[in-house]
Amino acid sequence: MNQMTPPPKIEIIPASAPFSEAQRSWLNGFFVGLLSAEGPTALSAEQGAAIMQGPAGDGDDGGAPWHDQTIPIADRMKLAEGRPLRRRMMAAMAQQDCGQCGYNCNDYSDAIASKAEARLNLCVPGGKETARMLKSLHAELEKAQATSPSRALAPAAATPAVTAEPGRSRDNPVAATFVSRRLLNKPGSEKETWHIDFDLSGCGLDYVVGDSFGIFARNDLGHVDQIIALLGASHTTEVRGKTLREVLLDDVSLSPAPDSLFELFSYLTGGAQREKARALAQGEDPDGDAATLDVMAVLQKFSKVRPHPEAFVEALEPLQPRLYSISSSHNATPGKLSLTVDCVRYVIGKRQRLGVASTFLAERIQPGDEVQVYVQKAHSFALPQNPRTPIIMIGPGTGVAPFRAFLLDRKATGAQGKNWLFFGHQRSDCDFFYSDELKALKTSGHLTRLSLAWSRDGDKKFYVQDRMREVGRELWTWLAEGANVYICGDAKRMAKDVERALVDIVAQHGARSTDEAVSFVGELKKKGRFQQDVY
Ligand SMILES: Cc1cc2nc3c(=O)[nH]c(=O)nc-3n(C[C@H](O)[C@H](O)[C@H](O)COP(=O)(O)OP(=O)(O)OC[C@H]3O[C@@H](n4cnc5c(N)ncnc54)[C@H](O)[C@@H]3O)c2cc1C
Ligand SMILES: NC(=O)c1ccc[n+]([C@@H]2O[C@H](COP(=O)([O-])OP(=O)(O)OC[C@H]3O[C@@H](n4cnc5c(N)ncnc54)[C@H](OP(=O)(O)O)[C@@H]3O)[C@@H](O)[C@H]2O)c1
């Protein structure tokens, strides 16, 4: 068995910080606790395996009934009750297999349970709910390790996310050059979606269509300076060997506020304010505003508290990279890479909130600037091996991104298979992305069919799945001819609704009962003929 070493004595709060000795020692303890809870601690093979097999040592059947991004976390956890820890950890994740954490959900949970991965905060779509649940399951893991350290079971299997090759994982990014951006919506649109171009010739990265591109964005400078002003600090204050401004720009997430920030505030204030901060740290919502609290809003809410910049920064989460489906083909334009990015801006109270990466790409990065990036290999989202296989692509909104790439790739490689694209968005006159290109591809025969659905042109919503139902007979014919089906875009509602439409089409035109149609579509998935890239 491995010897557990006691945590090192760490002095995080400097002696010069404006705290009494008692406060300083207490805050040091808090951060040491925080770090040791998150720091990697090697487990023996049998300890890891005991946890992999669950506290009761009852094994697991490998099924994952919770693996559906539309099931709320509480229900997912119910479905995983009585399962080994690693399975419950998987159920806590957002179930999108989106790759943002560098794994799929199954491998990420296995990696945490076997302690190959120490970071509990990588599931971006799961947000705070997932982070909280993982923290509590991780505490169980620590307890299980402390109480039954010597269970002799098979070693834990986990796939580490880190790959050594530069630019191939979030842990080893490289610099790419931003070339240009172009707005895809026309005047009158409610959307702001950008076509973004990068030059990869400097870093030498390549990719295949279906892959995603990871971007390390920077926070907005104006926002950062407002936070520094609220802290009453100078932007040149040194933190982690950099200036406070640099750390807030590049290293930490400023939205949403993490529980550790509320914990910090609870230690630095008293009375009702302390109770409030404590409740927020526990996931409660004492004032009904918890969902709106980004880091700046917390500083405004607890305006009498001014944490020391060092303590403040330590209480924040690292800024995570964001993934975007690649919308270009390396075969068509070697060394170039394009994205199709919907810009996230929304207003809460009087303040406009900015999506970090999308507004970075939409307005902050300038032509010639370098940005840290990596190519995230797709998990089962790729063109068919056989260039003659027909493909049906369903991609409303930014979901069109990988399909533009598929079409350009099939054109560049001279693939003979038929291509059918379902695209939809709000309005035909201002939200028809890449309309000229798509029409040209149709004219040249590279896009066999283009089916469109505009949700806000008429009185009633009309979505891609409504168009699919209208042309269900032909769609069934393509399926019967062996076509692959692809969906890309919104995970929460669109992907499920489109899948339901597909089941209905199979039932109606393939002369099957609903149950038979469900298993037909299930078989398509198993055979890799039905693939999704949803977020
Ligand atoms: C595999 C994959 C591929 C992807 N491909 C694309 C793509 O091709 N194009 C694309 O545009 N995106 C794509 N995304 C999504 C992308 O990664 C980012 O999540 C998205 O751009 C938002 O990131 P951000 O940093 O701008 O916003 P963030 O700073 O992450 O803010 C977004 C968060 O703000 C909150 N929010 C947003 N709107 C509101 C609102 N109205 N009210 C209250 N809260 C709100 C939500 O909590 C949301 O999660 C993809 C994601 C994955 C995983
Ligand atoms: N959390 C949310 O509520 C929400 C909503 C939309 C998008 N998003 C996210 O915003 C990002 C970018 O979105 P986007 O720009 O690609 O486009 P989008 O906002 O998802 O919209 C694209 C098109 O899809 C339509 N649509 C809405 N619900 C649908 C459904 N259930 N089935 C089929 N089509 C549907 C939209 O119609 P209408 O808008 O007219 O209904 C619009 O015409 C994505 O990350 C997406 O997940 C989140």
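Residues numbered from 1 in each chain as written. Chains lettered and ligands numbered in written order. Predicted model: local features only at pLDDT ≥ 70, side-chain atom pairs only at ≥ 80, totals over all residues. Heavy atoms only, no water.

Student: Quick rundown of the site of ligand 2? Include the residues and the values.
Tutor: Looking at ligand 2, there are 17 residues lining it, with Thr398, Ser455, Arg456, Lys461 and Tyr463 nearest. A distance of 3.2 Å is found between an oxygen atom of ligand 2 and a backbone nitrogen or oxygen belonging to His425. Note that an oxygen atom of ligand 2 is positioned 2.5 Å from one of the side-chain N or O atoms of Tyr463. The residue inventory of the shell around ligand 2, partitioned by class, reads 4 nonpolar, 6 polar and 7 charged. (Near = heavy atom within 4 Å. Polar contact = N/O pair within 3.5 Å; in protein donor to acceptor, adjacent residues only side chain to side chain. Nonpolar A, V, L, I, M, F, W, Y, C, P; charged D, E, K, R; others polar.)

Student: Outline the side chain of Gln100, supporting the account with residue identities and numerical values.
Tutor: Looking at the element boundaries, Gln100 is found in the loop between α4 (85-92) and α5 (105-113). Residue Gln100 is classed as buried on the basis of its relative accessible area, which comes to 13%. Excluding residues that lie within four positions of it along the chain, Gln100 makes contacts with Leu122, Val124, Pro125, Arg170, Pro321, Arg322, Leu323 and Tyr374. (Helix = DSSP H or I, 4+ residues; strand = E, 2+ residues; numbered from the N terminus. Buried < 20%, exposed > 50% of the residue type's maximum accessible area, 1.4 Å probe, protein only. Contact = heavy atoms within 4.5 Å.)

Student: Give a description of the sheet that holds strand β7 (residues 336-342) that names residues and reports values.
Tutor: Adjacent strands of a sheet form backbone hydrogen bonds with each other and so pair up, either parallel or antiparallel. Across the sheet, 6 strands lie side by side as β6-β3-β10-β1-β2-β7; this open sheet has antiparallel pairing. With one partner strand each, in any of the chains shown, β6 (322-325) and β7 form the two edges of the open sheet. When the angles between neighbouring strand axes are averaged without regard to direction, this sheet yields 40°. Here helix α13 (residues 356-364) sits on the sheet and contacts β1 (174-183), β2 (193-199), β3 (212-215), β6, β7 and β10 (370-376); the angle it forms with β1, its principal contact strand, is near 70°. (Pairing = 2+ DSSP bridges. Axes fitted to C-alpha atoms, helices over the stretch in contact; angles between N-to-C directions.)

Student: I'd like a description of the site of ligand 1, backed by residues and values.
Tutor: Near ligand 1 you find 19 residues, and of these Arg322, Leu323, Tyr324, Ala357 and Ser358 are the closest. Take Asp342: an N or O atom from its main chain is 2.8 Å from an oxygen atom of ligand 1. Within the backbone of Ala357, a nitrogen or oxygen atom sits 2.8 Å from an oxygen atom of ligand 1. When contributions to the shell around ligand 1 are tallied by element, the ones reaching two or more residues are β6, β7 and α13. Of the residues that constitute the shell around ligand 1, the class distribution is 9 nonpolar, 7 polar and 3 charged.

Student: Can you lay out helix α7 (residues 221-231) for me, pointing to particular residues and giving the numbers?
Tutor: All of the buried residues along α7 are His223, Val224, Ile227, Ile228 and Leu231. Viewed along the axis of α7, the buried residues span an arc of 140°, placing them on a single side of the element. Packing partners of the buried residues in α7 comprise α8 (244-250), α11 (295-301), α12 (309-314) and β9 (351-354). Gly232 occupies a position one or two residues after α7 and carries a positive phi of about 70°. (Arc of directions from axis to C-beta.)

Student: Help me get a handle on the packing of helix α17 (residues 472-480) against helix α18 (residues 494-509), residues and values and all.
Tutor: Two elements in contact, α17 and α18, have axes whose closest approach is 9 Å; the angle formed by their N-to-C orientations is 90°. As judged from the angle between their axes, α17 and α18 are roughly perpendicular. On α18, the residues that touch Gly472, Arg473, Leu475, Trp476 and Leu479 of α17 are Leu502, Ile505, Val506 and His509. A per-class count over the contact of α17 with α18 returns 6 nonpolar, 2 polar and 1 charged. (Parallel < 35°, antiparallel > 145°, perpendicular 65-115°, else oblique.)

Everything listed here is a matter of geometry and, on its own, says nothing about what the molecule does.
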